[in-house]
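The chain contents come next:
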Amino acid sequence: MKYKIAMNTLVYGPDMNESIIQHLAYIKEVGYDGVEIPIFVTDIDYWTPWKKEIDRLGLEVFTVTFLGADMNTISADANVRQKGIDFLKKAVDITAYLGASYLSGPFHSALAVFSGAAPTQQELDWSKESMLAVAYHAQSKNVILGLEYLNRFENYVVSCADQLYALVKAINHPNVKIMFDTFHAHIEEFNTGEAMVRIADEVGHIQLSESTRATLGEGQVRWDNVFDGLSRMNYTGWLVVEAFTPLLPAACIWRKNYTTEAELVKKSYEHIQKYLGA
């Protein structure tokens, strides 16, 4: 099957300033059909240069974001939950402004915030309520929310495919889907391909990320298993390459696992093409 492929711009760092915009042309030149951009700034004017260059290059766009402790959508403090909801609604607005159809990430709860215990039903209920509040707004903007599970060291609320599947089913809103990330699956699933097939009816977006968070094909992810799962689940969405730089503190990667960003972008694209028979 022919998939469209996008590159996540976090490979260049967490700050989406104008210095990163210059790399979009290279991403397009390599062969990527789109880009995935992190939304941490919610001032629409900030994104005008991005929109102009994305439109000029004819790239399709997706967005991602996550929440810190002060915006935790499962906090016992209703004001904190509301702060997270308000931020996500603004991120939806930026997503729509850029012409994107998906806002993805682990924003069902906060990144790297732990209670020291398994999630309670109350926390899951708060997550459901928060996501529904954002989903109704997203629906009005024609944006899908792609919820992502993280490995156990980054999140305790949903850390495997089955847990996220149950949450999305409980939310039960057409604008809430699953965004599946192979990095976290590599850690948490017994069989990544089988997990993908098992939750296929709710998967709307997929990130391909190596065990090293660097160049695809140079780590331990079983890519034959991943692409077999893609085939079996009849997936027709996008494949997004996600790789991180030591400039991203949230990823806790303090060593550079690649030579240059340009080489990572190119080699990862070529790795995918091998499995697509191109």
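Residues numbered from 1 in each chain as written. Predicted model: local features only at pLDDT ≥ 70, side-chain atom pairs only at ≥ 80, totals over all residues. Heavy atoms only, no water.

> Explain the packing of aromatic side chains here, please?
A complete count under the given rule lists ten aromatic pairs for this structure. Ring centres of Phe114 and Tyr156 lie 6.2 Å apart, and the angle between their planes is 40°; this geometry places the pair in the tilted category. Remark: Tyr156 occurs in the loop between strand S5 (144–147) and helix H6 (161–171) and Phe114 occurs in the loop between strand S4 (102–105) and helix H5 (121–140); sequence separation between them is 42 residues. On the basis of relative accessibility, which here comes to 13%, the residue Tyr156 falls in the buried class. Summarising the aromatic geometry, the rings of Tyr149 and Phe180 are spaced 6.0 Å apart at their centres and angled 80° between planes, so their arrangement reads as edge-to-face. One end of the pair, Tyr149, is in the loop between S5 and H6; the other, Phe180, is in strand S6 (residues 176–181), and 31 residues separate them in sequence. Judged by its relative accessible area of 1%, Phe180 falls in the buried class. (Phe/Tyr/Trp six-rings, centres within 6.5 Å; stacked < 30°, edge-to-face > 60°. Helix = DSSP H or I, 4+ residues; strand = E, 2+ residues; numbered from the N terminus. Buried < 20%, exposed > 50% of the residue type's maximum accessible area, 1.4 Å probe, protein only.)

> Would you mind going over the packing of helix H9 (residues 223–232) against helix H10 (residues 261–276) with me for this structure?
Think of two packed helices as two axes; the pair is described by the angle between the axes and how far apart they sit. Contact geometry of H9 with H10 gives a least axis separation of 11 Å together with a crossing angle of 60°. In terms of axis orientation, H9 runs oblique to H10. Where H9 crosses over H10, the two elements pack in a sense that is right-handed. Touching Trp223, Asp224 and Phe227 of H9 are His271, Ile272, Tyr275 and Leu276, all from H10. Classifying every residue of the contact of H9 with H10 by side-chain character gives five nonpolar, one polar and one charged. (Axes fitted to C-alpha atoms, helices over the stretch in contact; angles between N-to-C directions. Parallel < 35°, antiparallel > 145°, perpendicular 65-115°, else oblique. Left-handed = near helix turned anticlockwise from the far one by under 90°. Contact = heavy atoms within 4.5 Å. Nonpolar A, V, L, I, M, F, W, Y, C, P; charged D, E, K, R; others polar.)

> Got a minute to help me understand the pattern of salt bridges in this structure?
A side chain of one charge can pair with a side chain of the opposite charge when the charged atoms of the two come close. Considering all chains together, one arrives at 18 salt bridges under this definition. A salt bridge links Asp201 to Lys169; its shortest N-O distance comes to 2.9 Å. Pair noted here: Asp201 is in the loop between helix H8 (192–198) and strand S7 (203–208) and Lys169 is in helix H6, with a separation of 32 residues, a long-range link. Accessibility expressed as a relative area gives 45% for Asp201, which makes it partly exposed. In this structure Lys169 comes out as partly exposed when scored by relative accessible area, which is 38%. In this structure, Glu263 and Lys267 form a salt bridge, with 3.9 Å as the shortest nitrogen-oxygen distance. In this pair, Glu263 and Lys267 both sit in helix H10, four residues apart, roughly one turn of the helix. Members of the salt-bridge network, linked through shared partners, are Lys169, Lys177, Asp201 and Glu202. (Salt bridge = Lys/Arg side-chain N within 4 Å of Asp/Glu carboxyl O.)

> Looking at this structure, I do not really get the layout of surface pockets. What am I missing?
Which parts of space are left empty comes out when a probe the size of a water molecule is rolled across the atoms. Reported here for the largest pocket is a volume of approximately 520 Å³. Contributing elements (two or more residues each) for the lining of the largest pocket: S4, S6 and helix H7 (182–188). Looking at the lining of the largest pocket, the element that brings in the most residues is H7, giving three residues. Broken down by class, the residue content of the lining of the largest pocket amounts to 20 nonpolar, nine polar and six charged. (1 Å grid on protein atoms, 1.4 Å probe; cavity = no way out; pocket = protein on both sides within 12 Å on 5 of 7 lines; lining within 4 Å. Points joined across faces, edges and corners; volume = space filled by probe spheres on them.)

> Would you mind showing me how to read the side chain of Ser209 here?
Tracing the sequence through the fold places Ser209 in the loop between S7 and H9. With residues near it in sequence (within four places) discarded, Ser209 still touches Asp181, Thr182, Phe183, Leu216, Val221, Trp223 and Glu242.

> Honestly, the side chain of Ser130 in this entry has me stumped. Any pointers?
Relative to the helices and strands, Ser130 is located in helix H5. Assessed through its relative accessible area of 2%, Ser130 is described here as buried. Ignoring sequence-local partners within four residues, the contact set of Ser130 consists of Thr73, Arg81 and Ile85.

> What's the story with H6 in this structure? I'm lost.
Note on helix geometry: an α-helix contains 3.6 residues per turn, so any two residues three or four positions apart are oriented the same way. Residues of H6 that are buried: Ala161, Leu164, Leu167, Val168 and Ile171. Mapping the buried residues of H6 onto a view down its axis gives an arc of 130°, with all of them on the same face. Summarising the contacts, the buried residues of H6 are in contact with H5, S5, S6 and H8. Asn172 lies just past H6 and shows a positive phi near 55°. (Arc of directions from axis to C-beta.)

> I would appreciate a short explanation of the environment of Val157 in the present structure.
Along the chain, Val157 falls in the loop between S5 and H6. Look at Val157 and you get buried, because its relative accessible area is 2%. Remark: the alpha-carbon pair of Val157 and Val113, spanning 44 residues in sequence, is separated by 9.7 Å.

None of the figures reported here should be taken as evidence of function without further support.
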